[in-house]
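Listed below, chain by chain, are the residues.
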Amino acid sequence: MEDRYPFSRIEEKWQKRWEEEGLYIVDDFDARPKYYCLEMFPYPSGKLHMGHVRNYAIGDVVARFKTMRGFAVLHPMGWDAFGLPAENAAIKHGVHPRDWTWENITFMREQLKQLGLSYDWRREFATCHPGYYQWTQWLFLQFYRHGLAYKKKAPVNWCPSCATVLANEQVVAGACERCKTPVTRRELKQWFFKITDYARRLLEDIDKLPGWPEKVKVMQENWIGRSEGALVTFPVLDHPAEIPVYTTRPDTLYGVTYMVLAPEHPLVKELTAPELKESVAEFIERAQNLSELSRTAGDAEKEGLFIGAYCENRLTGESVPVFIANYVLMEYGTGAVMGVPAHDQRDFEFARKYNLPIKVVIQPPGTELQPDAMIEAYVDEGIMANSGPFNGMGNIEGMKAVTAYLEEKGWGEYQVTYRLRDWLISRQRYWGAPIPIVYCEKCGTLPVPERDLPVLLPYDVAFKPTGESPLKDCREFVSTTCPSCGGPASRETDTMDTFICSSWYYFRYTSPREENAPWDRAKVDRWLPVDQYIGGVEHAILHLLYSRFFTKFLRDIGLVGIEEPFTNLLTQGMVLKDGAKMSKSKGNIVSPEEIMSRYGADTTRLFILFAAPPERDLEWSDQGVEGCARFLNRVWRIVNAILPEVKKAAMPKNDLVGVNRELRRLTHVTIKKVTEDIERFNFNTAISAVMELVNGIYQFCDRVPEVDRDPGALREAAQTVAVLLSPFAPHISEELWARLGYKTSVHRQPWPDYDPDLLVQEKVTVVVQINGKVRGRIMLPPAATPQEMQDEALREPRIRELLAGRTMSKVVTVPGRLVNIVVK
RNA sequence: GCCGGAGUGGCGGAAUGGCAGACGCACGGGACUUAAAAUCCCGGGGGGCCGAGGCCCCGUGUGGGUUCAACUCCCACCUCCGGCACCA
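First things first, this report covers the structure right here in the doc. Note that the structure is a prediction, hence the values are computed from the model and not measured.

### Some details on the environment of Ala-611
- Inspection of the secondary structure puts Ala-611 in the loop between α19 (601-610) and β28 (618-619).
- Classification of Ala-611 as partly exposed rests on a relative accessible area of 39%.
- It is 60 Å that separates the C-alpha atoms of Ala-611 and Val-268, two residues lying 343 residues apart in sequence.

### Quick word on the environment of Thr-670
- With respect to the helices and strands, Thr-670 occurs in helix α21 (residues 658-679).
- Remark: the alpha-carbon pair of Thr-670 and Glu-397, spanning 273 residues in sequence, is separated by 59 Å.
- Not counting chain neighbours up to four residues away, the residues in contact with Thr-670 comprise Ala-689, Val-690, Leu-693 and Leu-724.

### Quick word on empty space enclosed by the protein
- For the coordinates displayed, the defined rule picks out three cavities of 30 Å³ or more.
- Size it by volume and the second largest cavity reaches roughly 40 Å³.
- Of all elements in the fold, only β8 (226-235) and β11 (304-313) reach the threshold of two or more residues within the lining of the second largest cavity.

### Some thoughts on the side chain of Ser-118
- In this structure, Ser-118 sits in the loop between α4 (97-114) and α5 (130-145).
- Of note is the side chain of Ser-118, whose polar atom sits 2.6 Å from the side chain of Asp-60.
- Filtering out sequence-adjacent residues up to four positions away, Ser-118 remains in contact with Tyr-24, Asp-60, Ala-63, Arg-64 and His-75.

### Let's talk about the pairing of β8
- For β8, a buried count of seven out of ten residues is recorded, marking the element as mostly surrounded by other parts of the structure.
- In terms of strand pairing, β8 meets strand β16 (residues 412-418) through seven bridges, oriented antiparallel. Looking at the pairing, Ala-230 lines up with Tyr-414 of β16.
- As paired elements, β8 and strand β9 (residues 242-247) share six bridges and run antiparallel to each other. Paired with Pro-235 across the two strands is Glu-242, which belongs to β9.

### Comments concerning the pattern of salt bridges
- Evaluated as defined, the whole model comprises 44 salt bridges.
- With its nearest N and O atoms 3.6 Å apart, the salt bridge here joins Glu-318 to Lys-359. Of this pair, Glu-318 sits in strand β12 (residues 318-325) while Lys-359 sits in the loop between α11 (345-354) and β14 (362-363), placing them 41 residues apart in sequence.
- Between Glu-594 and Arg-598 there is a salt bridge, with the nearest N and O atoms lying 3.2 Å from each other. Taken together, the residues Glu-594 and Arg-598, both in helix α18 (residues 592-599) and four residues apart, mark about one turn of the helix.
- Shared partners join several salt bridges into a network, and the residues in it are Arg-201, Asp-205, Lys-208, Arg-548, Lys-552, Arg-555, Asp-556, Glu-563 and Glu-564.

### So, helix α3 (residues 84-93)
- Three or more residues of α3 are buried, namely Leu-84, Ala-86, Glu-87, Asn-88, Ala-89 and Ala-90.
- Looking one or two residues beyond α3, the residue adopting positive phi is Gly-94, at roughly 70°.

### A short note on the packing of helix α20 (residues 622-646) against helix α24 (residues 730-739)
- The N-to-C vectors of α20 and α24 enclose an angle of 5°; their axes lie 11 Å apart at closest approach. Judged by the angle between their axes, α20 and α24 are roughly parallel. Contact residues: α20 offers Leu-632, Val-635, Trp-636, Val-639, Asn-640 and Leu-643, while α24 offers Ile-732, Glu-735, Leu-736 and Arg-739.
- Of the residues belonging to the contact of α20 with α24, the class tally is seven nonpolar, one polar and two charged.

### Let's talk about the sheet that holds strand β25 (residues 566-572)
- Ordered in space as β2-β1-β24-β25, the four strands form an open sheet in which the pairing is parallel. Here the strands that pair on one side only, and so sit at the sheet edges, are β2 (72-74) and β25. In this sheet, adjacent strand axes meet at a mean angle of 20° when their direction is disregarded.
- Summarising the sheet, strand β24 (residues 530-536) and β25 pair through six bridges and their orientation is parallel. Bridge pairing links Gly-535 to Thr-571 in β25.
- The sheet strands contacting helix α2 (residues 50-68) are β1 (34-39), β2, β24 and β25, and the helix crosses β1 at an angle near 175°.

### With respect to the packing of aromatic side chains
- Counted by the stated rule, this structure contains 53 aromatic pairs.
- Measuring from ring centre to ring centre gives 5.3 Å for Tyr-258 and Phe-350, while their planes differ by 20°; the resulting arrangement is stacked. With Tyr-258 in strand β10 (residues 258-261) and Phe-350 in helix α11, the pair connects residues that are 92 residues apart, well separated along the chain.
- Here Tyr-258 falls in the buried class, since its relative accessible area comes to 0%.
- What makes Phe-350 buried here is its relative accessible area of 0%.
- Centre to centre, the rings of Tyr-405 and Trp-411 are 6.2 Å apart; their planes meet at 90°, and the pair counts as edge-to-face.
- Given the relative accessible area of 22%, Tyr-405 is considered partly exposed.
- The structure contains a cluster of three or more aromatic residues connected by ring pairs, namely Phe-140, Phe-143, Tyr-144, Trp-191, Phe-193, Tyr-198, Trp-423, Phe-499, Tyr-546, Phe-549, Phe-550 and Phe-553.
- Cation over ring: Arg-17 sits above Trp-14, and NZ or CZ is 4.7 Å from the ring centre.
- The positively charged end of Arg-491 is found above the aromatic ring belonging to Phe-477, 5.8 Å away from the centroid.

### So, the sheet that holds β9
- With antiparallel pairing, three strands are arranged side by side in an open sheet as β9-β8-β16. Edge positions in the open sheet fall to β9 and β16, since each of these has one partner strand only. For this sheet, the mean angle separating the axes of adjacent strands, direction not counted, is 30°.
- On top of the sheet, helix α12 (residues 395-409) reaches β8 and β16; it is set at about 120° to β16, its chief contact.

Parameters at a glance
- Residues numbered from 1 in each chain as written.
- Chains lettered and ligands numbered in written order.
- Predicted model: local features only at pLDDT ≥ 70, side-chain atom pairs only at ≥ 80, totals over all residues.
- Heavy atoms only, no water.
- Helix = DSSP H or I, 4+ residues; strand = E, 2+ residues; numbered from the N terminus.
- Buried < 20%, exposed > 50% of the residue type's maximum accessible area, 1.4 Å probe, protein only.
- Contact = heavy atoms within 4.5 Å.
- 1 Å grid on protein atoms, 1.4 Å probe; cavity = no way out; pocket = protein on both sides within 12 Å on 5 of 7 lines; lining within 4 Å.
- Points joined across faces, edges and corners; volume = space filled by probe spheres on them.
- Polar contact = N/O pair within 3.5 Å; in protein donor to acceptor, adjacent residues only side chain to side chain.
- Pairing = 2+ DSSP bridges.
- Salt bridge = Lys/Arg side-chain N within 4 Å of Asp/Glu carboxyl O.
- Axes fitted to C-alpha atoms, helices over the stretch in contact; angles between N-to-C directions.
- Parallel < 35°, antiparallel > 145°, perpendicular 65-115°, else oblique.
- Nonpolar A, V, L, I, M, F, W, Y, C, P; charged D, E, K, R; others polar.
- Phe/Tyr/Trp six-rings, centres within 6.5 Å; stacked < 30°, edge-to-face > 60°.
- Lys NZ or Arg CZ within 6 Å of the ring centre and 35° of its normal.

In structure tokens form, the structure reads like this:
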């Protein structure tokens, strides 16, 4: 008898057999109810890290469990294959991004297979394949056609050292991720997706996602950032212009004492007094050289400059000075802010710094604020004052009343504003899907006709960090003919943000080889939405928001029938070592390769599922892994040891008593517990329950002489271990299942049911409390009535002793659990 | 600052308002062994009493509260982690 589980032989054997049998292939129109289990697909960075292992181990448990519960489970895997690291590798090591990417895919696919994950590999694809990005481009055209893809000049992040633009996610704490140089801003013409058109629905429909973690929903809400207020116009004195301002506090309009424009506000030039032009221009230049990030950092000093103009507050008829200031953002609202120092902390600080008047228009209940005595703005509720007809009104009510008044006078209107900005999708990069647009001198900007897709990425390109797309230097790519007039034209050389590729991939798995459309509608209707989506919380905003946006748009144009793509979302925690996220710089990386070669896939998976619940961060422990390996060996030894005894045994009868019945009870209690725990994603406690069952089998074998053992009960226990363990440790389970004499895969078994009759204990321990403190224990049949429980408790000598001379005022009983005697 | 999440043994973690610490790690004891490893069995929150069978007190970040009963619910606060952050 082998003493240690020969994992490498067995894992290889079953992986080969599963593949030959097509165990994980699922047909699109399988008669069983559908279940779409999806894990976020990886970027092919080189090799798997523990975060991947965790993500895919979790998904695999769900997929296997749902399969055993009778669902047709779609469980696919692919590659988010476009992106910057490939291009950086090209610059650094002289490898072509395409070759680099495909090599990595080949390697990582092999690693995933070694983990024994239940993917239908026929559905695999990579987003960098023309068969995929053709449809990414096609989808771009749909956005373009519907006016949701447009080009405008916008400030972007720029690294002066690398001479390139950077994606927002490559800017870490205001500096270039690669060379740490502070990032500046540059105005460039860029492509955008008009996600702001969907702000309202993206926000409101968060309510339709009960299966998402609260945390993620809140993050999305904050990101979209809805606020209600009023748009108010302020006429400029001695000038025809009006300054529109957005405010969430129309109730404070009577307290406006100045006005501030963003430095890049279009009116600034016109309104600046001639004698101030020079200093204003200087101020603007300084502000522009700062990145938006450092300009808006919370601790940045507020700086402003009077530009020599005044505008009128129509409500009061007063004129107020116009400033420009670094803290006003052109991108939010109207790029202009009214200053109410008494009731806004920023305005208060600004007013104090520049000696602007402070006018109190909201008085706190019970007291009266004196502007000169104030040390901070008063931002809470109160009664309106110095506000003409609104004096004495509560300010909450005042917000509505003032807005209505503005609308009546034609000076302003109610408005909802979102913080969400349009999605900048163009990248001056090579390794992405080319934007399918052509520029013709005669005909202007034109979409590439659908029949001409894909716009292929050329292979021979020089990767120099010039700040412009490497495609610009590729003449064969750039020069083309105009789809309208047939004359010479040039292609757009920017590529798309890779987040676009990953915003629709979950549709593609349903029909990965479809050539005439991005997907087969019937198959999308069959499988979508994704029933369970699993991935890291770092995608809580970007990827998940973009995917929701895509789905809503696709529904609007009739390409899919669903409103939300992911019904349930599980965000797994990070894998830590020594309390910190694993990283090269910290040198605390544990490689999956090494762990798998030493312990095998089952142990690796088991540990990562056992060490913490999925949502929480997981602290890596080499000793913990050792413990899981020990456990699987323990399972291996006991099942093999009892094989001769149980191999021929039939299932146990229902009339067992004593230890044999106790063993059956444990088996069925475990089935119940594991089933419920998996459903709630409490994999760690599910595994601990199986451990308890295994411990129970050991004790049974240790204490009960063989003649007294019921082989059926023992067999049932052993095979239950194999079945319950199969989603977590698929290889060892399969091997033991086969050794128990079964010819079909354990993974094709229906999930076991428990017998409720077997859960019942003959006697249960009932705790006896006096005033809530445990003072004794009694054994009773579980069905004992409260009266019986109380009587039995009061028969206990120790309890009588403690109660002597005291008056019982009340007895609380919980059937099968406790008796609490309350005394005075 | 705002919004989330979390604070439980030496460690990872468990507990529909009902015996706090399941399960695992580490540790200690025993069995097996010439010995070690491996394995199997047993014991471990802290403190105290003891007639050795047990018994008592304290204990889930802090302070209050609700309740027969609170890790669990409510109020206030502290610490850590994550997200957003001059959003008008």
